[in-house]
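Descriptive analysis of the structure
Listed below are the residues making up each chain.
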Amino acid sequence: MNLIKFVCGLLFGLMLISAAAAETRDPGEYFFDQSFGDFSEELANAREQGKQGILIMFEMDECPFCHRMKTTILNQSEVQDYFKEHFLIFSVDIEGDVEITDFQGKAMPMKDFSFKQYRVRATPVFQFFDLQGKPIKRARFTGATSDAGEFMLLGQYVVENAYEESSFTRYKRSKRK
């Protein structure tokens, strides 16, 4: 009888593990959109697809907080599906020498786009842009979110245009009440 309980418990545990694994996916494939690095063109794509804007994750290779976001939050299917529904999403390496084209059509290395245009000094930085390529001022989040719930609230904050009336901190408080 104990062997049966053990086997049943083991099978149940394996089912839970496989169910949890089914809910996570590679963020490189399922969260971020592929781009040739022309953000002026991506704006047109976002408009055509009926998106609310563009989200850029400014990151760097050795950033532990970027890694944590990718392995614990951006890999969750619920997060991926919600953000992909509303935004085109791209990653920019703040130390990168790869040339990109900004929202106004000017070519420059990724590091200049990050440091000179958007003053990114720490990573990760999640910056939302409207469909004119302008950064949404109150919709910039620096660092890792505490969990997927907080990251989802950040997305909802932008989708609901709540940034027009309050800070993200106030928005979070109002949603938790």
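Quantities reported herein were computed from a predicted structural model and do not represent experimental measurements.

Each value, and the rule that gives it
Residues numbered from 1 in each chain as written. Predicted model: local features only at pLDDT ≥ 70, side-chain atom pairs only at ≥ 80, totals over all residues. Heavy atoms only, no water. Helix = DSSP H or I, 4+ residues; strand = E, 2+ residues; numbered from the N terminus. Buried < 20%, exposed > 50% of the residue type's maximum accessible area, 1.4 Å probe, protein only. Contact = heavy atoms within 4.5 Å. Areas by Shrake-Rupley, 256 points an atom, 1.4 Å probe, with all protein chains shown as cover. Core = buried A, V, L, I, M, F, W, Y, C linked by side-chain atoms within 4.5 Å. Pairing = 2+ DSSP bridges. Axes fitted to C-alpha atoms, helices over the stretch in contact; angles between N-to-C directions. Salt bridge = Lys/Arg side-chain N within 4 Å of Asp/Glu carboxyl O.

When helices and strands are tallied, the protein shows eight helices and six strands. From first element to last, N terminus to C terminus, the protein shows the α and β order α-α-α-β-α-α-β-β-β-α-β-β-α-α. Classification of the 177 residues of the protein by burial places 42% in the buried group. The long-range fraction of contacts in the protein, counting pairs at least 24 apart against all pairs at least 6 apart in sequence, stands at 64%. In the form shown here, the protein has an accessible surface area of approximately 10200 Å², with 54% of it arising from carbon and sulfur atoms.

Most often, soluble globular proteins have nonpolar side chains that are buried together. Judged by nonpolar contacts, the single largest core of 31 residues is most densely connected at F31, L55, L74, F83, F128 and F151. Among the elements of the structure, β1 (53–59), α4 (64–72), α5 (77–86), β2 (87–93), β5 (125–129), β6 (135–142), α7 (148–159) and α8 (168–176) are those that each provide at least two residues to this core. Take this core: its biggest share by element is eight residues, from α7. When neighbours within four sequence positions are excluded, F31 is seen to be in contact with D26, L55, L74, V79, Q80, F83, K84, I89 and F151. Counting 19 residues, the second largest nonpolar core, distinct from the first, contains L43, A46, F90 and F103.

Before going further, it helps to examine the pairing of β6. The pairing of β5 with β6 spans four bridges and is antiparallel. Looking across to β6, one finds that F126 is bridged to F141. Taking the residues between adjacent antiparallel strands as the criterion, β5 and β6 are bridged by five residues, where G133 takes a positive phi near 85°.

Now for the sheet that holds β6. Read from one edge of the open sheet, four strands run β2-β1-β5-β6, paired in mixed fashion. If you trace the sheet from one side to the other, it starts and ends with β2 and β6, each paired once. In this sheet, neighbouring strand axes are inclined to one another by 20° on average, regardless of whether the strands run parallel or antiparallel. Helix α3 (residues 39–48) contacts β1 and β2 of the sheet and is inclined by roughly 160° relative to β2. Taken strand by strand, α7 contacts β1, β2, β5 and β6, and its axis lies near 175° from that of β6.

This structure, assessed with the given rule, holds seven salt bridges. A salt bridge links D33 to K84; the shortest N-O distance between them is 2.5 Å. In this pair, D33 is assigned in the loop between α2 (27–30) and α3 and K84 in helix α5, connecting sequence segments 51 residues apart. For the salt bridge of K175 with E160, the shortest nitrogen-to-oxygen distance reads 3.8 Å. Here K175 is found in helix α8, whereas its partner E160 is found in the loop between α7 and α8, with 15 residues between them in sequence. Look at K175 and you get partly exposed, because its relative accessible area is 43%.

Here we come to unusual backbone geometry. Residue P124 follows T123 across a cis peptide bond; omega there is -5°. Tracing the backbone shows P124 in the loop between α6 (110–118) and β5. You will see that R119, though not glycine, has its phi angle at about 50°, which is positive. With respect to the helices and strands, R119 occurs in the loop between α6 and β5. Positive phi, close to 55°, is recorded for N161, a residue that is not glycine. Looking at the element boundaries, N161 is found in the loop between α7 and α8. Given the relative accessible area of 32%, N161 is considered partly exposed.

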